[in-house]
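Below, each chain spelled out in residue letters.
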Amino acid sequence: MSSLNVFFAGVGGQGIITGASIIARASIAAGVNAVMSEVHGMAQRGGSVVCELRLGDVHSPMIPEGEADLIIGFEPVETVRSLTRANHHTVVITEVRPIIPVSVSLGGTAYPAVEDLVAYLRLQVAAVYAVPAAAMAEEIGLPQTANVVLLGAAMGTGLIPLELGTIRDTLSRTVPAKALEANFRALQEGFESTRKV
Amino acid sequence: MKYQALVDGKAGEHELLLGNEAAVRGALEAGIGVAASYPGTPSSEIGDVFSVVAKASGVYFEYSANEKVALEVAAASAASGVRSFTFMKHVGLNVASDSFMTTAYIGTRAGFVVLSADDPSTYSSQNEQDNRYYARLANVPMLEPSSPQETKDYMVEAYNISERLELPVLFRTTTRVAHMRGDVVFGDRRPVVRRGVFEKDPARYVPVPANSSKMHVKLLGKLGEARHLSETSPLNHIVRVGVGGRVGIVTAGGTFNYVIDALEELGLPAQVFKIGFSYPLPLDRIRDFAAGLNELLVVEELEPLMENDIKADFLSHGTRTPVSGKEDLLVPRVHELNVDIVAKVLANHFGVPLHVPASGEAQPWPSPLPSRPPVLCAGCPHRGSYLAVRRAIRELGIPEPVFASDIGCYTLGMAAPFSAADYLLSMGSSVGTAGGFDVATDQRVFSFIGDSTFFHAGLSALASAIHNKHRFVLTVLDNRTTAMTGHQPNPSMLTDAVGDSAPAISIEAVAKAMGVSFVKVINPYRVAEATEAYKEAAQVDGVAIIVSKQVCSLLLDRAKRAKGIWQTFQIEHSVCTGCLTCVREVACPAIFVSEGKAEIDQELCDGCGVCSQVCPVHAVGVKK
């Protein structure tokens, strides 16, 4: 069973499904099978959301425990929560800006320091790229492109067997024309942020 | 147009589709003329897609007031010679079941498919009932796809089977198939037949006792034919994994994917009988299949239905191949399965080691992480309604009120600090159960229902409550949409399912016409006024209705952004005393605590201003 397992974790409304779909579309365009499992409905109202993407010769769209090759975390605590899918060879990309859950404000478990979360990730997996995607997207001028910054970062790791150009082609088919330039920039800047020199 | 490919995609073209999107393409390839539904996760995207493509496809599509009505619209269309489709979540079929059962008796002329999207593990439902029982209860054939491609292909086949047998076909998916995305290769679209003629035939269509007893006999005859179709159907086929497997596995639906992946992960050879036409089961073929094998395992989600059918069949035919499933094989009877669970079951059964990542699994964070359950959105108008009712109850000193809740986003009011959902059964149950608590206790009762849910199953319950002189305060949380399932229209709105203008039914006018003496419309963003309204309503001896009218904040935000109107609130740090009343009473995801004082996340704030009205020192104001 040869496959690449990409696990997405974040909070409802962050563009996670859109991001994963872009890789899936690009993958199919490049002749590699892709299946995804998505979360819709109740779980979307500000709750934890995951999306599972598997490229290659597999049937189940869900990634077995410990079998994620790449984790793309859109929020630090959600990234750490997804460690159940990781092994010591997993590569992790994580946004660093926290979204504090209401449970914390109401006196529940405190939100850990982001540095501690990232440091812990580094102990558990092969490589961790902490990417300030939200801040980068704001700098670009279109905050909604944070998910594409993270996609770019995922491409920069070299783990996804696709050309950056294929992702760009897919973006130009799926993103409204007026937002395309910002999306391209987001993809490129994300790519640069993790590309091995 | 979004989904253009679903409308004009040619045979051989392919598209990355969600299972639910593939169901629409399948229905279009089958040439349906009428589709009707009531939204419910995990089936909702089917309706979302029809809303966009129905007109361009020449198909009539409506959101009916509830699933029973939707099924009736589709059944009558099919009886008139128009291929028809109705789809709903699993518990929606409970609502539709009264008419569904009879459609099996009277049958159909044109193809009639009833899709039930089940929700093992209750991702967005009140239960995980196994709707495969409905095929057995109604004696109708059932298909179960495993992937988006099969969802598309099986839809076409479902219409063929339905017309061949003149029976409705139950098309059963689960969350993981409905919400699985994969590549789908299209077939040809059959021309749409949008209108037919209803040819009267009372002996066939009117199940008065003299007719219905004969209909049952006829139905069982059709079920025999269905069994024959299942025995010869290509939807039931054998997949070999590895070489020389002497073990057979019978499986269906999404579980097929887990079985194949688990066998490959474990390196176990086996022969897998993939069941796509799952009722009636192809028992002759399964018996033949088992004859040459050492043993037969049945791996199915939820109830042991295939297992029991196969065991009974083997017993009556003297087939000696051992069959195991739920009890002997320890396949769980609760919650959804996955590759990990199926691999554990198989590894345990065959005594082979489980595959573990060579490098070892990562260890989870050593202490509990902050939980992130779904919450009412920033700016959600329900927050104002719950805040007001809680304040009114506190000010009136009402002890131990009971909150009868209903199905919608507002069920999230169950969480602290509102704790405003004490009892919940089903769509519309807030009204009936409110009456029950009033009749059986001395506690005061406050019930909550959404605008869409009110029309779905609240109306008849309200008539009953009024007539029987029940006393409770019913809030209709009228956010001008069906929010939880993705903002579908409902009968109180000015547009219909395909965006055409439609007569809107006023909830307050309906309540008054039914004889409710106290009906008050409030704006939940005005906390003081809303609180006063609740204090008044609580004095009413009978049913008091508060219509809390404010459009869903997600829709309002979209409209405000489009118009370029945007305001947020902020807390003046020097004025804030750190009393945290806003945090405790409003519990908005945009408010957080930093160094003992409240702050508002400007990204999340939606500008509703409710927090500014509860701050005792007026530290919250519009951000300049």
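Before reading further, recall that the structure is shown in the block above.
A short tour of the structure in this document, coming up. Remember, it's a predicted structure, so these values are computed and weren't measured experimentally.

**Overview of the overall build of chain B**
- A tally of regular secondary structure across chain B gives 22 helices and 23 strands.
- Relative to the 2.2 N^0.38 estimate, which gives 25 Å for 624 residues, the radius of gyration of chain B is 27 Å and therefore close to what a compact globule would have.
- By its C-alpha atoms, chain B is 80 × 70 × 50 Å across when sized along the principal axes.
- Within chain B, the fraction of its 624 residues that count as buried is 60%.
- Considering only intrachain contacts with a sequence separation of at least 6, the fraction spanning at least 24 residues in chain B is 77%.
- Measuring between centres, the 57 positive side-chain charges of chain B sit 4 Å from its 67 negative side-chain charges.

**Overview of the interface of chain A and chain B**
- If you look at the interface, chain A gives 58 residues, while chain B gives 60 residues.
- In total, about 5100 Å² of surface goes out of reach between chain A and chain B, with carbon and sulfur atoms giving 61% of it.
- The interface formed by chain A and chain B contains five salt bridges.
- A salt bridge links Asp-261 of chain B to Arg-54 of chain A, with the shortest nitrogen-to-oxygen separation between them at 3.3 Å.
- The interface formed by chain A and chain B includes 19 residue pairs in polar contact (both at pLDDT 80 or more).

**Concerning unusual backbone geometry**
All names here are of chain B.
- A cis amide bond links Thr-41 with the next residue in sequence, Pro-42, at an omega value of 10°.
- Along the chain, Pro-42 turns up in the loop between strand E2 (34-37) and helix H3 (44-57).
- Here the residue pair Tyr-279 and Pro-280 is connected by a cis peptide bond, since its omega of -5° sits within 30 degrees of zero.
- Among the secondary structure elements, Pro-280 is positioned in the loop between strand E12 (277-279) and helix H12 (283-291).
- Positive phi outside glycine occurs at Tyr-3, with the angle close to 70°.
- Note that Tyr-3 resides in the segment before helix H1 (4-8).
- One non-glycine residue with positive phi stands out, namely Glu-595, at about 50°.

**Some points on the packing of aromatic side chains**
- Considering all chains together, one arrives at 17 aromatic pairs over all chains under this definition.
- Here the aromatic rings of Tyr-120 of chain A and Trp-365 of chain B are separated by 5.3 Å at their centres, their planes lie at 85°, and the arrangement is edge-to-face. Note that Tyr-120 of chain A is positioned in helix H4 (residues 114-124) and Trp-365 of chain B in the loop between helix H14 (339-350) and helix H15 (381-396), a pairing that runs across two chains.
- When the ring of Phe-198 of chain B is compared with that of Tyr-205 of chain B, the centres are 5.1 Å apart and the planes differ by 45°; the resulting orientation is tilted.
- Its relative accessible area of 42% is what places Phe-198 of chain B among the partly exposed residues.
- Put simply, the rings of Phe-50, Phe-61, Tyr-63, Phe-85 and Phe-87 of chain B pair up and form one aromatic cluster.

**Focus: the sheet that holds strand E9 (residues 236-241) of chain B**
All names here are of chain B.
- Spatially, five strands are ordered E9-E11-E10-E13-E14 in an open sheet, and the strand pairing comes out mixed. Strand pairing shows two members of the sheet lacking a second neighbour, E9 and strand E14 (323-324), which therefore form its edges.
- Running at roughly 160° to strand E13 (residues 295-299), H14 makes contact with strand E10 (247-252), E13 and E14 of the sheet.

**Considerations on the environment of Thr-109 of chain A**
- Looking at where Thr-109 of chain A falls in the secondary structure, it is placed in the loop between helix H3 (102-105) and H4.
- Given a relative accessible area of 36%, Thr-109 of chain A falls into the partly exposed group.
- C-alpha of Thr-109 of chain A to C-alpha of Ala-177 of chain A: the two residues are 68 residues apart in sequence and 43 Å apart in space.
- Once residues lying within four places of it in the same chain are set aside, the contact partners of Thr-109 of chain A are Val-104 of chain A together with Pro-368, Leu-369 and Pro-370 of chain B.

**Re the packing of helix H1 (residues 16-29) of chain A against helix H7 (residues 164-174) of chain A**
Residues and elements named next belong to chain A.
- It is the contact of H1 with H7, at a shortest axis distance of 9 Å, that shows an interaxial angle of 115°. Between H1 and H7 lies a crossing whose hand is right-handed. Along its contact with H1, which presents Ile-22, Ile-23, Arg-25, Ala-26 and Ala-29, the element H7 presents Thr-166, Ile-167, Thr-170, Leu-171, Arg-173 and Thr-174.
- Partitioned by chemical class, the residues of the contact of H1 with H7 number six nonpolar, three polar and two charged.

**Considering the pattern of salt bridges**
- On inspection of all chains with the given rule, the structure shows 42 salt bridges over all chains.
- Close ionic contact of Glu-78 of chain A with Arg-372 of chain B constitutes a salt bridge, the shortest N to O distance being 2.5 Å. With Glu-78 of chain A in helix H2 (residues 76-81) and Arg-372 of chain B in the loop between H14 and H15, the pair connects residues from two separate chains. For the residue pair Glu-78 of chain A and Arg-372 of chain B, the accessibility class agrees, reading buried in each case.

**Considerations on helix H16 (residues 429-440) of chain B**
Residues and elements named next belong to chain B.
- With twelve residues, H16 extends 16 Å from end C-alpha to end C-alpha; this agrees with the ideal 16 Å at 1.5 Å per step.
- Taken residue by residue, H16 has Ser-429, Ser-430, Val-431, Thr-433, Ala-434, Gly-435 and Phe-437 as its buried positions.
- Looking at the buried side of H16, the elements it contacts are strand E15 (402-404), strand E16 (445-450), helix H17 (451-467) and strand E17 (472-478).

The rules behind the values
- Residues numbered from 1 in each chain as written.
- Chains lettered and ligands numbered in written order.
- Predicted model: local features only at pLDDT ≥ 70, side-chain atom pairs only at ≥ 80, totals over all residues.
- Heavy atoms only, no water.
- Helix = DSSP H or I, 4+ residues; strand = E, 2+ residues; numbered from the N terminus.
- Rg over C-alpha atoms; globule rule 2.2 N^0.38 Å.
- Buried < 20%, exposed > 50% of the residue type's maximum accessible area, 1.4 Å probe, protein only.
- Contact = heavy atoms within 4.5 Å.
- Lys, Arg positive; Asp, Glu negative; His and termini not counted.
- Charge placed at Lys NZ, Arg CZ, Asp CG, Glu CD.
- Buried area = accessible area lost by both parts, 1.4 Å probe.
- Salt bridge = Lys/Arg side-chain N within 4 Å of Asp/Glu carboxyl O.
- Polar contact = N/O pair within 3.5 Å; in protein donor to acceptor, adjacent residues only side chain to side chain.
- Phe/Tyr/Trp six-rings, centres within 6.5 Å; stacked < 30°, edge-to-face > 60°.
- Pairing = 2+ DSSP bridges.
- Axes fitted to C-alpha atoms, helices over the stretch in contact; angles between N-to-C directions.
- Left-handed = near helix turned anticlockwise from the far one by under 90°.
- Nonpolar A, V, L, I, M, F, W, Y, C, P; charged D, E, K, R; others polar.
- Expected span 1.5 Å × (residues − 1).

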